[in-house]
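Now for the letters of each chain:
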Amino acid sequence: MMQVTISELLRSGAADLAPHSESARLDAELLLGEILSRGRAQLAAHGEDPVEPQNVQAFRMMLARRREGMPVAYLTGRREFWSLGLRVTPQVLVPRPETETLVESALELLPRAHAARVLDLGTGSGAIALAIARERPLCAVVGTDLSPEALAVARENAAGLGIGNVAWRRGHWFDAVPSERFDAIVSNPPYVAADDPALAALQAEPREALTPGITGLEALAQIAAGARGHLLEGGFVALEHGADQAEAVAALLASHGFRLIRSLRDAAGRPRVALGFPETNFP
Ligand SMILES: C[S@@+](CC[C@H](N)C(=O)[O-])C[C@H]1O[C@@H](n2cnc3c(N)ncnc32)[C@H](O)[C@@H]1O
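Calculation notes
Residues numbered from 1 in each chain as written. Predicted model: local features only at pLDDT ≥ 70, side-chain atom pairs only at ≥ 80, totals over all residues. Domains from an automatic or database assignment. Contact = placed C-beta atoms within 7 Å. Nonpolar A, V, L, I, M, F, W, Y, C, P; charged D, E, K, R; others polar. Helix = DSSP H or I, 4+ residues; strand = E, 2+ residues; numbered from the N terminus. Expected span 1.5 Å × (residues − 1). Buried ≥ 20, exposed ≤ 12 C-beta atoms within 10 Å, placed from the backbone. Arc of directions from axis to C-beta. Core = buried A, V, L, I, M, F, W, Y, C linked by C-beta atoms within 7 Å. Pairing = 2+ DSSP bridges. Axes fitted to C-alpha atoms, helices over the stretch in contact; angles between N-to-C directions. Near = placed C-beta within 6 Å.

Trainee: Sorry, what's going on with the domain arrangement of the chain here?
Mentor: Interface size, as often reported, equals the accessible area lost upon joining of the parts. Under the domain assignment used here, the chain contains domain 1 (6-76) and domain 2 (89-281). Domain 1 and domain 2 are separated by 33 Å when their C-alpha centres are compared. Facing the five residues of domain 1 at the interface are five residues of domain 2. Looking at the side of domain 1 that touches domain 2, its residues break down into four nonpolar, one polar and no charged.

Trainee: What is the right way to read helix 1 (residues 6-17) from this model?
Mentor: Since the α-helix packs 3.6 residues into each turn, any two residues three or four apart lie on the same face. End to end, helix 1 covers 16 Å across 12 residues, agreeing with the expected 16 Å (1.5 Å per residue, within 8%). Here helix 1 has its buried residues at I6, L9, L10, G13 and L17. Across the axial projection of helix 1, the buried residues extend over an arc of 100°, all falling on one side. Those residues of helix 1 that are buried lie in contact with helix 2 (24-36), helix 3 (40-45) and helix 4 (53-67).

Trainee: Please clarify how the nonpolar core should be interpreted in this entry.
Mentor: As a rule of thumb, nonpolar side chains are buried together in soluble globular proteins. Of all hydrophobic cores here, the largest spans 76 residues; its most connected members are L31, L32, V118, I132, I185, L220 and A238. For this core, the two domains that each supply at least three residues are domain 1 (6-76) and domain 2 (89-281).

Trainee: Mind showing me how you'd approach the sheet that holds strand 9 (residues 271-278) here?
Mentor: Within a sheet, each strand pairs with its neighbour through backbone hydrogen bonds, oriented either parallel or antiparallel. Pairing is mixed in the open sheet, where seven strands are placed in the order 5-4-3-6-7-9-8. The open sheet is flanked by strand 5 (166-170) and strand 8 (258-265), the only strands paired with a single partner. Adjacent strand axes in the sheet meet at a mean angle of 20° when their direction is disregarded. Pairing of strand 3 (residues 117-121) with strand 6 (residues 182-187), which is carried by four bridges, proceeds in the parallel orientation. Looking across to strand 6, one finds that L121 is bridged to S187. The strands touched by helix 10 (residues 218-227) within the sheet are strand 3, strand 6 and strand 7 (231-240), with strand 7 carrying the most contacts at an inclination of about 170°.

Trainee: In this structure, what is going on with the site of the ligand? I would like to understand it.
Mentor: Around the ligand, a shell composed of 22 residues is seen, among which G122, G124, L146, N188 and A209 lie nearest. Only helix 7 (127-135), strand 4 (140-145) and helix 9 (207-210) provide two or more residues apiece to the shell around the ligand. Counted by class, the shell around the ligand contains 11 nonpolar, nine polar and two charged residues.

Trainee: Teacher, can you tell me more about the environment of I214 here?
Mentor: By secondary structure assignment, the location of I214 is in the loop between helix 9 and helix 10. For the pair I214 and D196, spaced 18 residues apart in the sequence, the C-alpha separation amounts to 9.3 Å. Each residue touching I214, except ones within four places of it in the same chain, is listed here: A193 and A194.

If you want it as structure tokens, here you go:
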């Protein structure tokens with residue numbers, strides 16, 4: 001019996017996913033690459049290699065789950081963020097490229113030679129905390145989450161990547177660090193409004209990672225309210241938010257005594273990060 005080749009499978013897989021995914025070809029490559037333990041470059045270089053029937057079957061099963069809306073990262077158990085290969089499970093949000101804007105903005109304000117204390121609230125897979133900890137080895141980073149399952153994934157990622165300058169705490173926002181202060185507080189909290197139609201396409205991800213309540217601003221408001229009391233002198237807060245929430249988040253920060261509030265845009269040009277410095281604390 002003729003065996004199907006890698007390139008034939010990728011072609012048919014991409015066509016199969018095209019009505020369901022904007023990145024159908026990439027999805028097919030990542031899924032087949034996971035099954036065959038090969039990178040995308042290797043798949044391209046060995047396109048004429050035949051694929052064993054059990055691997056074809058495994059690929060078809062993954063395609064079916066992808067068509068039903070399961071993110072590729074949950075199917076492969078991996079996601080790259082800031083060049084870190086992270087393990088992800090359905091208990092954590094799949095880290096998004098736009099969150100790299102938040103990491104970039106924090107790193108710009110964290111000098112390499114300074115042993116700063118950094119807090120990442122709602123760390124999920126640990127993506128932000130681990131990226132900052134890797135880039136700033138002298139910093140002591142704390143990642144928090146309400147979800148023990150998320151913290152277990154974050155811990156596993158830190159161990160797998162050999163990143164030691166990060167600690168993990170569980171709790172509702174600042175309750176996880178009641179009497180601690182930091183040079184930088186960063187967060188990508190849930191910020192999608194409960195009735196946002198976009199949630200329909202995100203059903204595989206933990207609801208508590210996506211939406212904090214009716215308006216979508218509830219978590220951002222709680223973090224803005226608590227941030228000043230947890231900052232060291234000269235510190236700053238950097239918060240990711242929805243593309244249509246920049247003004248609201250700036251107003252929240254201003255109402256809690258932050259000044260010099262700046263809005264930063266992601267690679268697609270959308271305002272995604274609010275940066276603020278406490279009033280008495282101008283850098
Ligand atoms: C949007 S996800 C961000 C995950 C990760 N930081 C990232 O950027 O990929 C928000 C995270 O906040 C956590 N979370 C939700 N409510 C929380 C709360 N009240 N206190 C602490 N963490 C919370 C969720 O469990 C989730 O991991």
